[in-house]
Amino acid sequence: MLAQTNSFIACDTPFEEAKAVIFGAPFDSTTSFRPGTRFGPSAMRSESFGIETYSPYQDKDLLDLKVFDSGDLELCFGSPEKALEDIEERTKEILDAGKLPVMLGGEHLVTLGSFRAVQKKYNDLYLLHFDAHCDLREDYLGQKLSHACVIRRCHDIVGDGRIFQFGIRSGDRDEFRFAAEGHTEMYKTGIKGVSFEALPSVIEKLKGKNVYLTIDMDVLDPAYFCGTGTPEAGGATYNQLLEAIIMIGESLNIVGADLNELSPHYDQSGASTAIACKLLRELLLAVL
């Protein structure tokens, strides 16, 4: 993995010295509504120089971390299977080198490739999932490899009692029934809005465990984050999600993570991309 010039701000440590490795998975071939998440990773890199490396929330600085940005994968847009294989391979390379993989999507299906690799190394893996959508369909229009099915495919791997979902406010009836049957532990958004009140108790359950963290940025209310392919009203505020990320990073053993579903061109103001950049900064500072 050679150094690249267009890296996320301050993430230019040589690969051999890095503790975490960022990579992009610019794939959106199964997107069911508005495509464009393939442009998310590159937008985050270019716009990251508009934010500071220092976080006043955590009193930490990216300049003090050792992170390498390995750039975007070149993924086959005509084959979800091949794209997932390539993502899994890149994640495995990072894990085999003893480093933390942090993936930038792309649509949410890309999580499955990274999750597969992490689970093969940590067979006692748990999944923390932040999203507006259940992503628990058995298939979407006959396709089992879809962004609408990604958490169901992760469940196929780890089974019951391993998946914890927050911010959920959209899905079909069968998805909510699947969760209610005990296959996942789902914390839905209520009529009064998103609440992460259960997060501390879930964190207590997961302390000492190996945890994969996936954040679909449409968990945020589109009033804050409109640059996404499937916006859902009634989501979390930036501060709510920020607090959750810091709490998780400080308390849990995160062995893999991703941020996904930024479609930058749906927000011409650039605010959504700026939010995604800050969330990545805070995630890195919290988990390393």
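In this text the structure is predicted, and so the values were computed from the model without any measurement.

**With respect to the sheet that holds strand β5 (residues 100–105)**
In space, the eight strands of this open sheet follow the order β4-β1-β5-β10-β9-β6-β7-β8, with parallel pairing throughout. Single-partner strands in this sheet number two, and they are β4 (67–72) and β8 (185–188). In this sheet, adjacent strand axes meet at a mean angle of 15 degrees when their direction is disregarded. With four bridges joining them, strand β1 (residues 20–25) and β4 adopt parallel strand pairing. Residue pairing in the sheet places Ile22 in a bridge with Asp69 of β4. Packed on one face of the sheet, helix α1 (residues 40–47) meets β1, β4, β5 and β10 (253–260) and runs near 135 degrees to β4. Its contacts with the sheet put helix α6 (residues 199–206) on β6 (126–130), β7 (163–168), β8 and β9 (210–216), and the angle it makes with β7 is roughly 165 degrees.

**Description of the pattern of salt bridges**
One pass over the full model with this rule turns up 16 salt bridges. Between Glu138 and Arg153 there is a salt bridge, with the nearest N and O atoms lying 3.3 Å from each other. Taken as a pair, Glu138 in the loop between β6 and α4 (150–158) and Arg153 in helix α4 lie far apart in primary sequence, 15 residues in all. Across the pair Arg281 and Glu282 runs a salt bridge whose closest N-O atoms are separated by 2.8 Å. In this structure Arg281 comes out as buried when scored by relative accessible area, which is 3%. We classify Glu282 as buried; its relative accessible area is 0%. A cluster of three or more residues bridged by salt bridges with shared partners is formed by Glu138, Lys144, Arg152, Arg153 and Asp156.

**A look at the packing of α1 against helix α8 (residues 271–287)**
At a minimum axis distance of 9 Å, the contact between α1 and α8 shows a crossing angle of 80 degrees. Taken together, the axes of α1 and α8 are roughly perpendicular relative to one another. Between α1 and α8, the residues in contact are Ala43, Met44 and Glu47 and Thr273, Ala276, Cys277 and Leu280, respectively. Of the residues contributing to the contact of α1 with α8, the split by class is five nonpolar, one polar and one charged.

**Topic: the packing of aromatic side chains**
Enumeration over the complete set of coordinates arrives at seven aromatic pairs. Judged by centre distance (5.8 Å) and plane angle (75 degrees), the rings of Phe15 and Phe68 are edge-to-face. With Phe15 in the segment before β1 and Phe68 in strand β4, the pair connects residues that are 53 residues apart, well separated along the chain. Like Phe15, the residue Phe68 is buried in the burial classification. Summarising the aromatic geometry, the rings of Phe115 and Tyr212 are spaced 5.6 Å apart at their centres and angled 85 degrees between planes, so their arrangement reads as edge-to-face. Note that Phe115 is positioned in helix α3 (residues 110–121) and Tyr212 in strand β9, a separation of 97 residues in sequence. Both residues of the pair, Phe115 and Tyr212, count as buried. An aromatic cluster of three or more residues is present, and its members are Phe130, Phe166, Tyr187 and Phe196.

**Quick look at α6**
Quick reminder: α-helices carry 3.6 residues per turn. Residues three or four places apart thus point the same way. When α6 is considered as a whole, its buried residues turn out to be Leu199, Val202, Ile203 and Leu206. Angularly, the buried residues of α6 cover 105 degrees about the axis, an arc narrow enough to put them on a single face. Looking at the buried residues of α6, the elements they touch are β6, β7, β8, β9 and α7 (238–251). With its phi angle positive at about 85 degrees, Gly208 sits one or two positions after the end of α6.

What counts as what
Residues numbered from 1 in each chain as written. Predicted model: local features only at pLDDT ≥ 70, side-chain atom pairs only at ≥ 80, totals over all residues. Heavy atoms only, no water. Pairing = 2+ DSSP bridges. Helix = DSSP H or I, 4+ residues; strand = E, 2+ residues; numbered from the N terminus. Axes fitted to C-alpha atoms, helices over the stretch in contact; angles between N-to-C directions. Contact = heavy atoms within 4.5 Å. Salt bridge = Lys/Arg side-chain N within 4 Å of Asp/Glu carboxyl O. Buried < 20%, exposed > 50% of the residue type's maximum accessible area, 1.4 Å probe, protein only. Parallel < 35°, antiparallel > 145°, perpendicular 65-115°, else oblique. Nonpolar A, V, L, I, M, F, W, Y, C, P; charged D, E, K, R; others polar. Phe/Tyr/Trp six-rings, centres within 6.5 Å; stacked < 30°, edge-to-face > 60°. Arc of directions from axis to C-beta.

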